[in-house]
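# A structural walkthrough
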Amino acid sequence: MNSFHRHGDALRCEECPLADLAEIYGTPLYVYSMAALEENFNAYRDAFSPADPLICYSVKSNGNLAVLRAMAGLGAGADIVSGGELFRALTAGIDPGRIVYSGAGKRADELRMALDAGIRMFNVESEPELLLLSRIAASAGKTADISLRINPDIDSGTHRYTATGGKETKFGVPEADAPALYRKAASLPGINPTGIDVHLGSQITDIAPYRLAMERLVALAETLRASGIDCRVLDIGGGAGISYNGEKTVTPADLAGVAIPAAESAGCALVLEPGRSIAGNAGILLTRITHVKRGAGKTFYICDAGMNDLMRPPLYGSYHRIEPVADDGGGAVITADIVGPVCETADFLALGRAIPECREGELLAVMDAGAYGFSMSSNYNARPRAAEVMVSGRKHRFVRSRETYDDLVRNEMIFA
Ligand code: LLP
C-alpha cells in the first residue's frame, strides 16, 4: 500500500487530499499517515515473529506523541537517547519495561530518571558512564540491567555523519576492550550485564555490514559466557535504510534473515531499534511556493518551508523526492532549485531538480520526510516550527499545532 498516492491529478494522504489539508492547517505542514506507520511497524513484527523480539521504536526519528502513542498501541517499546525522549515516551504511554537507553553522553540526572522509571536496559557506551551508573544505582539501592554498546569498527557504507560503527566515532566501546569492561561491569555494585548492543549507523542499504557485525557479536557472547558473564539479550540497533529515490535497500526480512540465526546461536533474545523505516515514508512535508524567481540562468522555486523545517538536504546532501500536489502529468518539466526563505545559501530542499513547471502559490510535497524531519527542525531565522497533522482514512487532525510568535519568545526575558 502507498499511503501517499494520486487520485486523478491530486496527491492524497490516505483518503485526504493534501490540498485540503494545506487549506485547513496552513503550510509548512508535516502530514503523517497512520496506516503507513502501522504497516511499517507490522513489517518488523511479521518478519521477526519467529524470534518474538522487543521492537523499540527510535524516538529520535519522530517523537511526536501521537506517533509514540500509535507505537505503544502496536506493542512497541522505545529507543531513547535523552531524558527528554524518556519523558516523551512515558507521556505517550510506552511501557518503561520496554525502553532501552543509548547515547554517548548520558548525564547523571538522566540516568537517575531512567532508573526511577524502571527502563529495560541501559546501552552503556563508555567506562565513565558505567562507573557513573553504578554509583547512582547503588546509592538508590537499585540494579541496572546493562548492555555494552560495541563499536565493531565496521564500515556500513552510509553517509559519514550517520555512520556510528567506525572506530573514529564517539560511539560505543572498542570491541577489543569489551571483555575486560564486561568483567568490570560484573564486579560493580548496581550493575547487571545482561546484553550486547551494536548500532552500525543509519540509512544502511546493504545487509553485509549487519552480517559481519552479527558474527562478531555471537563470538563475543561466547567469549563472555566462557568467563561467566551470561548475556541473554542481543540489541542490533537501528533498522533498515529506506528508498528515497527508488534505490535498492534492505528490508526488515533481510535484517531478520541475519539477526534471528545470530540470536539463536548466541542464545539471546532480540532487541531492535528501528526509526526511519517506520516513520520515514509515513510522512511528508507540505510546502507552498511563495515566489517563482528567474535567476541568472536558473529558476528558483522559493517555498515557505526551509532548512529549519527539514535539515536533511543541506546537512547530509540528502535526496527527497518533491512532487507538485496537483499534477496532471502533462505539463513541461523544468530544472529548478527548490529553496526556502532562510538567509543561508545552504537553505535548499533540492538543487538542480527536474520538476514539472509550477506557478506561485502551488503546493509541493517533500516525500519521505516523516523521520528526522520535524524532530530535527529548529526556530532559525525566528521561524515558528511547522505544524504536524495525523491522517487516518478520511480523518485528520493536528498532532502539533503551529508555533506562534509568542512561542518563540516564551522562555526569554529582558535583562534589565
Ligand atoms: N538506535 C540508535 C542507538 C541510534 O543512534 C539510531 C539513529 C537508531 C537506533 C535509529 O536508526 P534508524 O532505524 O532510524 O536508522 N539524522 C540522520 C539520522 C541519524 C540517526 C541517528 N541514530 C538523518 O536524517 O539521516
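Thresholds applied
Residues numbered from 1 in each chain as written. Predicted model: local features only at pLDDT ≥ 70, side-chain atom pairs only at ≥ 80, totals over all residues. Heavy atoms only, no water. Helix = DSSP H or I, 4+ residues; strand = E, 2+ residues; numbered from the N terminus. Rg over C-alpha atoms; globule rule 2.2 N^0.38 Å. Buried < 20%, exposed > 50% of the residue type's maximum accessible area, 1.4 Å probe, protein only. Contact = heavy atoms within 4.5 Å. Areas by Shrake-Rupley, 256 points an atom, 1.4 Å probe, with all protein chains shown as cover. Lys, Arg positive; Asp, Glu negative; His and termini not counted. Charge placed at Lys NZ, Arg CZ, Asp CG, Glu CD. Near = heavy atom within 4 Å. Polar contact = N/O pair within 3.5 Å; in protein donor to acceptor, adjacent residues only side chain to side chain. Nonpolar A, V, L, I, M, F, W, Y, C, P; charged D, E, K, R; others polar. Arc of directions from axis to C-beta. Pairing = 2+ DSSP bridges. Salt bridge = Lys/Arg side-chain N within 4 Å of Asp/Glu carboxyl O. Phe/Tyr/Trp six-rings, centres within 6.5 Å; stacked < 30°, edge-to-face > 60°. Lys NZ or Arg CZ within 6 Å of the ring centre and 35° of its normal.

## As for the overall build of the chain
- Broken down by element type, the chain carries 12 helices and 21 strands.
- Whereas a compact globule of 416 residues would reach a radius of gyration of roughly 22 Å, the chain reaches 23 Å, a difference of no more than 12%.
- Taking the principal axes of its C-alpha atoms as reference, the chain extends roughly 70 × 60 × 40 Å.
- Buried residues in the chain amount to 53% of all 416 residues.
- Relative to all contacts within the chain whose residues are 6 or more apart in sequence, the contacts with residues 24 or more apart total 69%.
- Total accessible area on the chain is roughly 17500 Å²; 52% of this is exposed by carbon and sulfur atoms.
- Averaging the positions of the 41 positive and the 51 negative side-chain charges in the chain gives two centres separated by 2 Å.

## Some remarks on the site of the ligand
- For the ligand, the set of nearby residues contains 19 residues, the closest of which are S202, E273, R312, Y316 and Y372.
- In the environment of the ligand, an oxygen atom lies 2.5 Å from a nitrogen or oxygen atom belonging to the side chain of S202.
- Between the ligand and Y316 there is a distance of 2.7 Å, counted from a nitrogen atom to a side-chain nitrogen or oxygen.
- Residues that form the shell around the ligand fall into these classes: 4 nonpolar, 9 polar and 6 charged.

## Considerations on the environment of F300
- By secondary structure assignment, the location of F300 is in strand 15 (residues 298–303).
- As a C-alpha pair, F300 and I338 span 38 residues in sequence and 5.9 Å in three-dimensional space.
- With residues up to four places along the chain from it excluded, the contact list for F300 reads H291, V292, K293, G295, D337 and V339.

## What about helix 5 (residues 108–117)?
- Among all positions in helix 5, only E110, L111, A114 and L115 are buried. With its buried residues spanning 135° around the axis, helix 5 presents them on a single face.

## A look at the sheet that holds strand 2 (residues 10–13)
- With antiparallel pairing, the 3 strands of this open sheet are ordered in space as 1-2-3. Both outer strands of the open sheet, strand 1 (4–7) and strand 3 (16–17), are each paired with one neighbouring strand and no more.
- Note: strand 2 against strand 3, 2 bridges, orientation antiparallel. For C13, the partnering residue across the bridge sits in strand 3 and is C16.

## Description of the pattern of salt bridges
- Evaluation of the coordinates by the stated rule reveals 23 salt bridges.
- Residue R45 pairs with D46 through a salt bridge whose shortest N-O separation is 3.2 Å.
- Note on D46: relative accessible area 46%, which makes it partly exposed.
- D407 is paired through a salt bridge with R410; the nearest N and O atoms lie 2.5 Å apart.
- Accessibility expressed as a relative area gives 28% for D407, which makes it partly exposed.
- Salt bridges linked by common partners bring R6, R321, E323 and D368 together as one network.

## Digging into the side chain of R12
- By secondary structure assignment, the location of R12 is in strand 2.
- Put simply, R12 is tucked away with no salt bridge, and the nearest opposite charge, on E15, sits 6.1 Å away.
- Dropping the residues within four chain positions of it, R12 is found in contact with S3, F4, H5, H7, P17 and L18.

## Things to note about the packing of aromatic side chains
- Under the defined criterion, the tally for this structure stands at 5 aromatic pairs.
- For the ring pair Y30 and F374, a centre distance of 6.1 Å and an interplane angle of 85° mean the geometry is edge-to-face. Of this pair, Y30 sits in strand 4 (residues 29–33) while F374 sits in the loop between strand 19 (363–366) and strand 20 (387–392), placing them 344 residues apart in sequence.
- Judged by its relative accessible area of 11%, F374 falls in the buried class.
- Consider the rings of Y44 and F48, whose centres lie 6.3 Å apart with planes at 20°: the pair is stacked. This pair shows no difference in class: Y44 is buried, exactly as F48 is.
- Put simply, the rings of Y30, Y32 and F374 touch in pairs and so form one group of aromatic residues.
- Over the face of the ring belonging to Y101 we find K106, whose NZ or CZ atom lies 5.3 Å from the ring centre.
- Directly above the aromatic system of Y319 lies the positively charged group of R353, at a separation of 3.8 Å from the ring centroid.

## Overview of helix 1 (residues 18–25)
- Taken together, the buried positions of helix 1 are L18, L21, A22 and Y25. When helix 1 is viewed along its axis, its buried side chains cluster within an angular range of 100° and face the same direction. Turned more than 90 degrees away from the buried face of helix 1 sit E23 and I24, all of them exposed.
- Just downstream of helix 1 lies G26, where phi reads positive at about 80°.

Take it as geometry only, folks, not as evidence of what the structure does.
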